[in-house]
Amino acid sequence: MKKIILTLLSCLTLGSTMAQSADQEAWNTTYRQIESRIKAPTFKNKTYRAAVKTTNTALQNQQAINKAIAKCSKAGGGKVSIPAGRYMTGPVTLQSNVNLCVEKDAELIFAFDRSLYPLVYTRWEGLDLWNYQPCVYAIDCKNIALTGEGTINGNGSDDGNWWYMKGIKKHGFHDGVDEWQGTAKEGPRAELIKMSDNNVPASERKFGRGKGLRPQLVNFVRCENVLIEDVRLLNSPFWVMHPLLCKNLTVRGVYVYNEGPNGDGCDPESCEDVLIENCTFHTGDDCIALKSGRNADGRRANIPCKNIIVRKCKMEDGHGGVVVGSEISGGADNVFAEDCDMDSPNLDRVLRIKTNTCRGGVIQNIFMRNIRVGQCAEAVMRVNLVYEPNEIAERGYIPTVRNVYMENVTCKKSKYGILINGLDDSDNVYNINVKNCRFEGLSAEPLMRTGMSHDINIEGLTVSAKM
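In every chain, residue numbers begin from 1 and rise along the written sequence. Reporting in this predicted model follows two pLDDT cut-offs: at least 70 for local features of residues, and 80 or more for side-chain atom pairs to be given and counted; totals over whole chains, interfaces and linings ignore these cut-offs and use all residues. Remark: hydrogens and water are excluded; side-chain values derive from all non-hydrogen atoms of the structure.

Attention shifts here to the overall build of the chain. Runs of E in the DSSP output that reach at least two residues are strands. Runs of H or I that reach at least four are helices, and both are numbered from the N terminus. Within the chain, the regular secondary structure consists of five helices and 33 strands. Partly exposed describes any residue whose relative accessible area lies between the buried limit of under 20% and the exposed limit of over 50%, with all areas from a 1.4 Å probe on protein chains only and scaled to the type maximum. In the chain, which comprises 467 residues, the share counted as buried stands at 60%. Should any heavy atoms of two residues lie within 4.5 Å, those residues are counted as being in contact. By sequence separation, contacts in the chain at least 24 residues apart represent 76% of the contacts at least 6 residues apart. Here the open area of atoms and residues is found with the Shrake-Rupley method and a 1.4 Å probe, where only the protein chains shown may cover a residue. Here the chain has roughly 17,600 Å² of accessible surface; of this, 47% comes from carbon and sulfur atoms. Separation of charge centres in the chain, based on 57 positive and 54 negative side chains, amounts to 3 Å. Positive charge is attributed to Lys and Arg, negative charge to Asp and Glu, and no charge count is given to His or to the chain ends. By convention, the point assigned to a charge is CZ for Arg, NZ for Lys, CD for Glu and CG for Asp.

Next up, the structure:
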C-alpha cells in the first residue's frame, strides 16, 4: 500500500511551492492583522446584583434579570451579577454596555415554559424568521458580554424538553407530540425553506409555538464588540452559541456540553473578526461551524463569514471539528485554525467544508495547522459540494471551494485522509493543499475524489494503513 501511495502523491505535488508561499504569507500577515483588530469589550466598574431567588418562579427571575440589565445599561453600563445558586428563569435579553456575569456556583436553568419565549428576529438554519426567543439574546447592541464561571443550562433533554421536536425517538419524539419541526419535504421546516425561495419578507415568517423550531441557547444578532468567556453552556435546545451578523467577537475559555440534536457548539454566521480560543466542545453535532445564510436568504444578504481565528481548543466529541457550512450561501473567507486537539469515536471529520447547488457562494482561504487528532471516523479533510443532494429548494447556484491549506496535522486513525466530492459538471474545487501531515491507521485510500476537482497539492504526507 505504501508504494502505491507514494506514487499517487508524486503526481499531485505540482504547484506546491507557490501554495507554500501563499500559506505562509497568510499566517504571517493576514492572521496577524485579524488578531490585532479583535478586542474584547471593557465595562464600567459598577455591579448590579440581579434580584434572583432560588424560590422564585421562572417568570419572576426572568423579570429580575431583565430589570437589572435595563437599569445597568441605562446608567451607562457595568456588570449584572447572578450570585451562587440554582435559578429557574425564562429567556433574558442583554443590552448595550452590559456584562451578564454568572458567578461561580451559579446556574441559570431555562424553564420549558413556552409562554415565556416571545417571538424575536433571528435565523434558523440560515433562514430569516421570527421564532422563539433564544435563552440569552441580544440584538443591535454594542459592548456586551456573557461571562463568569457559572452555568447556563438550556434544559434540553430526552424527557420532553425541546429535543423531541427534532423528530427522533431517542430524544423523546413519539406519535401525538405537540410540536414537530418536520423535514425538508413537509412541515414547518419545509415551509420555511419554501418561504426563502419565494422571497417572503422575514416579518411575515412567524413561527414559534406549534412549529417545532427550537431556540438557540445564546444568540447575539447584529452586535459589535462581544465577549463570551469562561461560562459553562449545557443542554441547549438547538445550536449552543449562534452569533449572527456580529463584528469583533471573542469566545474564550467556554465549556460546551450538549448531546442534543443539532447541538452545534459555536456557529458564527455572517460574522467578521472572530476569535474562538481555549474552549472545550462536547457536542452532539459539529463543534464549530461557520455559516453565512442558506439558499436565497443567504445570497440576498451576501455577507460572508470572514476573518475567523480558532486556536487552542479541545474537541472532546462532535461530528466535525472545524466546519464550514452547510448554510454558507454568503461564502467564507480567511479562516484560520491552529493548535487544537480532537479525539472521539464520534468525530467524523477534522476539517469539513459542506455545501451544494442550492447555496452558491465562494468558500476560500481556509488555513489549518498544528492539529492533533486521536481518531476520526471518516476523513481528516472532507470537501463536499453535494451535501444534502435531495434538498428541495431552487438549484443552479454553483458553489466554489478554493485555496484550502492543511499543514502539520496528525491523525492516528481514520478511513480516508482526504475526501473530495466535487460536482460532475463544474470543476469548482481547486487549490487544495496538504503539507507535512501524518495520517495513520487508514482503512481506505489516503486521497479519494469523486466529481470534478483540480490542483490538489500534496507534499510531505506520511501515511500508514490500518493493521
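Anyway, onward from the coordinates.
Let us look at the environment of Pro41. Positionally, Pro41 belongs in the loop between α2 (16-37) and β1 (47-49). Pro41 sits in the buried class, given a relative accessible area of 11%. In this structure the C-alpha to C-alpha distance between Pro41 and Glu224, which are 183 residues apart in sequence, comes to 9.2 Å.

By size, the foremost hydrophobic cluster in this structure holds 105 residues, and its most contacted members are Phe220, Met241 and Phe439. No other element matches the six residues that helix α3 (residues 58-74) contributes to this core. Not counting residues within four places of it along the chain, the set of residues in contact with Met241 comprises Val218, Ile228, Leu233, Val251, Val254, Val256, Asp264, Gly265, Cys266, Asp267 and Phe281. What is meant by a nonpolar core is a set of buried Ala, Val, Leu, Ile, Met, Phe, Trp, Tyr and Cys residues, joined one to another through side-chain atoms within 4.5 Å. Residues Leu129, Ile193, Phe207 and Phe238 belong to the second largest nonpolar core, which totals twelve residues.

Note: strands within a sheet are paired through backbone hydrogen bonds, in either parallel or antiparallel orientation. One open sheet accounts for six strands, arranged β19-β22-β24-β26-β28-β31; its pairing is parallel. Taken across any chain shown, the strands that pair with only one partner, and hence form the sheet edges, are β19 (288-290) and β31 (447-450). Shown here is a sheet whose adjacent strand axes are inclined to one another by a mean of 5°, direction ignored. The sheet contact formed by β19 and strand β22 (residues 320-325) spans three bridges and is parallel. For Ile288, the partnering residue across the bridge sits in β22 and is Val322. Any two strands are treated as partners once DSSP identifies two or more bridges connecting them. Angles shown run from 0 to 180 degrees and are taken between the N-to-C directions of axes, each axis being a line fitted to C-alpha atoms and, for helices, limited to the stretch in contact.

Before going further, it helps to examine the pattern of salt bridges. The salt bridge definition used is simple: a Lys or Arg side-chain nitrogen within 4 Å of an Asp or Glu carboxyl oxygen. This model, assessed by the stated rule, comprises 32 salt bridges. When the shortest N-O distance is used, the salt bridge between Lys291 and Glu327 registers 2.6 Å. Remark: Glu327 occurs in the loop between β22 and β23 (332-342) and Lys291 occurs in the loop between β19 and α5 (295-301); sequence separation between them is 36 residues. Residue Lys291 is classed as buried on the basis of its relative accessible area of 2%. When the shortest N-O distance is used, the salt bridge between Arg438 and Glu440 registers 3.8 Å. On the basis of relative accessible area, Glu440 is assigned to the partly exposed category, the value being 28%.

Note on patches: the residues involved have over 30% relative accessible area and no salt bridge, like charges join within 9 Å, and the nonpolar side chains Val, Leu, Ile, Met, Phe, Trp and Tyr join within 5 Å. A contiguous patch of positive charge on the surface is contributed by Lys44, Lys46, Lys67 and Lys71. Tracing the chain through its elements places Lys67 in helix α3.

On to the sheet that holds strand β4 (residues 92-93). Read across the open sheet, the three strands follow the order β4-β9-β12; overall the sheet is parallel. Of all strands in the sheet, those bounded by a partner on one side alone are β4 and β12 (218-221). Here strand β9 (residues 136-139) pairs with β12 via four bridges, running parallel. Paired with Ile139 across the strands is Val221, a residue of β12.

As a general rule, the predicted coordinates of low-pLDDT regions are not to be interpreted in detail. One number per residue, pLDDT, summarises how confident the predictor is, and it ranges from 0 to 100. When pLDDT is averaged along the chain, the result is 95, and 96% of the positions lie at 70 or above. Below pLDDT 50 for its whole length, residues 1-18 participates in 22 contacts with residues either more than four positions away or in separate chains.

Between its first and last C-alpha, α3 extends 24 Å over 17 residues, near the 24 Å set by a 1.5 Å rise per residue. If you check which residues of α3 are buried, you get Ala58, Asn61, Gln62, Ala64, Ile65, Ala68, Ile69, Cys72 and Ser73. Projection of α3 onto a plane perpendicular to its axis shows the buried side chains occupying an angular sector of 165°, all on one side. In α3, the exposed positions angled more than 90 degrees off the buried face are occupied by Lys67, Lys71 and Lys74. Looking at the buried side of α3, the elements it contacts are β1, β2 (78-82), β3 (85-89), β4, β5 (98-102) and β6 (106-110). Phi turns positive, to about 105°, at Gly76, one or two residues after α3. In this analysis, the expected span of each helix is defined as 1.5 Å times one less than the number of residues it contains. This arc corresponds to the set of directions leading from the helix axis out to the C-beta atoms.

Right, let's talk about helix α4 (residues 187-197) for a bit. Three- or four-residue spacings in an α-helix give side chains the same orientation, since the helix completes a turn every 3.6 residues. Among the residues making up α4, those that are buried are Pro188, Arg189, Ala190, Leu192, Ile193, Met195 and Ser196. The inward-facing, buried residues of α4 contact β7 (119-124), β8 (127-132) and α5. After α4 finishes, the residue Asn199 shows a positive phi value of roughly 55°.

This next bit is on the pairing of β2. Regular strands place their side chains on alternate faces of the sheet. With four of its five residues buried, β2 lies for the most part within the structure. Direction of pairing for β1 relative to β2: parallel, over a ladder of three bridges. Within β2, the residue paired with Arg49 across the bridge is Ser81. In this sheet, β5 lies alongside β2 in parallel orientation, the contact comprising five bridges.

A word on the packing of aromatic side chains. Put simply, two rings from Phe, Tyr or Trp (the six-membered ring, in Trp's case) pair if the centres are within 6.5 Å, and we call them stacked under 30 degrees between planes, edge-to-face over 60, tilted for the rest. Under the defined criterion, the tally for this structure stands at 14 aromatic pairs. Both rings, one in Phe112 and one in Tyr164, keep their centres 6.4 Å apart while their planes meet at 85°; by these two values the pair is edge-to-face. Separated by 52 residues along the polypeptide, Phe112 in the loop between β6 and β7 and Tyr164 in the loop between β11 (151-153) and α4 bring together distant segments of the chain. With relative accessibility at 22%, the residue Phe112 sits in the partly exposed group. A relative accessible area of 6% means that Tyr164 is categorised as buried. A centroid spacing of 6.1 Å and a plane angle of 45° characterise the contact between Phe173 and Trp180, whose relative ring orientation is tilted. Three or more aromatic residues joined by ring pairs form one cluster here, namely Trp27, Tyr31, Phe336, Phe367 and Tyr405. Directly above the aromatic system of Trp130 lies the positively charged group of Lys206, at a separation of 5.7 Å from the ring centroid. Definition used: whenever NZ (Lys) or CZ (Arg) falls within 6 Å of the ring centre and also within 35 degrees of the ring normal, the charge is taken to sit over that ring.

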